[in-house]
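Given next are the chains, with one letter for each unit.
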Amino acid sequence: MIKLGLTGEMGAGKSYCAKKFEQLGIPVFYSDDVARLIVNTNLNLKKEICKEFGNVYDEDGMMIPQLIRSMVYAEGAQDKLNKLNSLVHPYVFQEYESFCNINKDKKYTLAESAILFESGMDKVVDKVIYVSTDEETRIQRTFKRSGFGREEYKQRMKGQIPNKETLSDFIITNNDGDDVEKQIKEINNIL
């Protein structure tokens with residue numbers, strides 16, 4: 001089985017592309033969704049996070065996203081973001097390993113992750129697909145989806161490695177008007 005990684009900046013359309021691969025019958029591991037589930041359900045991880053950041057959970061035991069974001073995406077808080085990631089990523093990698101074992105009979109699988117390179121997941125996949133989208137389109141998509149303004153978007157992007165396309169094996173261009181499905185089918189045919 002070939003392990004593919006799928007990455008790109010916030011608002012590039014990674015999830016959209018991943019869904020298109022799913023429509024071709026490809027199993028997709030959504031790293032961000034898994035991470036959100038783990039931080040809210042894994043008691044050991046919750047203890048580690050609270051030890052490091054204080055109680056960032058509501059009375060129902062769910063992480064308060066605005067509270068943790070205010071800590072890890074503040075100006076000069078890169079070390080806090082790195083710490084949070086170092087706590088969460090090992091659990092995500094365990095889930096990814098299980099996902100790969102379950103799907104080992106497939107031709108290939110896809111791991112969708114905004115921080116594929118930053119997390120080290122690029123070391124456990126065989127090839128990487130980068131979703132390329134111009135910055136203004138990414139900002140507009142992010143604003144529509146999450147309500148983030150331009151400054152918050154740029155602050156969040158500071159923690160990501162630039163020029164990921166040079167580190168990737170395949171590029172999907174996803175600006176308005178691009179034929180994404182055709183590009184995905186071409187990659188699928190190569191594999």
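The structure this text deals with has already been given above.
Quantities reported herein were computed from a predicted structural model and do not represent experimental measurements. (Residues numbered from 1 in each chain as written. Predicted model: local features only at pLDDT ≥ 70, side-chain atom pairs only at ≥ 80, totals over all residues. Heavy atoms only, no water.)

Peer 1: Got a minute to help me understand helix 7 (residues 135–146) in this structure?
Peer 2: The α-helix winds at 3.6 residues per turn, so residues separated by three or four positions along the chain end up facing the same way. Between its first and last C-alpha, helix 7 extends 16 Å over 12 residues, near the 16 Å set by a 1.5 Å rise per residue. Every buried residue belonging to helix 7 is among T137, R138, I139 and T142, and all of these are buried. (Helix = DSSP H or I, 4+ residues; strand = E, 2+ residues; numbered from the N terminus. Expected span 1.5 Å × (residues − 1). Buried < 20%, exposed > 50% of the residue type's maximum accessible area, 1.4 Å probe, protein only.)

Peer 1: Even after reading the chapter, I still don't get the packing of helix 1 (residues 14–23) against helix 9 (residues 180–190), so can you show me in this structure?
Peer 2: Any two packed helices are characterised by the angle at which their axes cross and by the distance between the axes. Interaxial distance between helix 1 and helix 9 falls to 10 Å at its minimum, and their mutual angle equals 55°. Taken together, the axes of helix 1 and helix 9 are oblique relative to one another. The two elements helix 1 and helix 9 cross, and the hand of that crossing is right-handed. Facing Y16, C17, K20 and F21 of helix 1, the residues of helix 9 in contact are V180, E181, I184 and I187. Residues of the contact of helix 1 with helix 9, tallied by class, amount to 6 nonpolar, no polar and 2 charged. (Axes fitted to C-alpha atoms, helices over the stretch in contact; angles between N-to-C directions. Parallel < 35°, antiparallel > 145°, perpendicular 65-115°, else oblique. Left-handed = near helix turned anticlockwise from the far one by under 90°. Contact = heavy atoms within 4.5 Å. Nonpolar A, V, L, I, M, F, W, Y, C, P; charged D, E, K, R; others polar.)

Peer 1: Sorry if this is basic, but what is going on with the environment of Q140 here?
Peer 2: Secondary-structure assignment places Q140 in helix 7. Judged by its relative accessible area of 35%, Q140 is partly exposed. The spatial distance from the C-alpha of Q140 to the C-alpha of I2 is 34 Å, given a sequence separation of 138 residues.

Peer 1: In this structure, what is going on with the packing of helix 2 (residues 31–41) against helix 3 (residues 43–53)? I would like to understand it.
Peer 2: For the pair helix 2 and helix 3, interaxial distance at closest approach is 6 Å and the crossing angle is 85°. Regarding the angle of helix 2 to helix 3, the classification is roughly perpendicular. When helix 2 is examined against helix 3, the residues I38, V39, N40 and T41 are found in contact with a partner set consisting of L43, L45, K46 and I49. Tallied by class, the residues present in the contact of helix 2 with helix 3 amount to 5 nonpolar, 2 polar and 1 charged.

Peer 1: Teacher, can you tell me more about the nonpolar core here?
Peer 2: The tendency in soluble globular proteins is for nonpolar side chains to be buried side by side. In this structure, F29, L45, I49, F53, V88 and Y96 are the most contacted members of the largest nonpolar core, which totals 28 residues. Counting residues per element, the ones that place at least two in this core are helix 2, helix 3, helix 4 (65–72), helix 5 (78–102) and helix 6 (116–119). Ranked by residues supplied to this core, first place goes to helix 5 with 9 residues. F21, Y108, I172 and I184 belong to the second largest nonpolar core, which has 19 residues in total. (Core = buried A, V, L, I, M, F, W, Y, C linked by side-chain atoms within 4.5 Å.)

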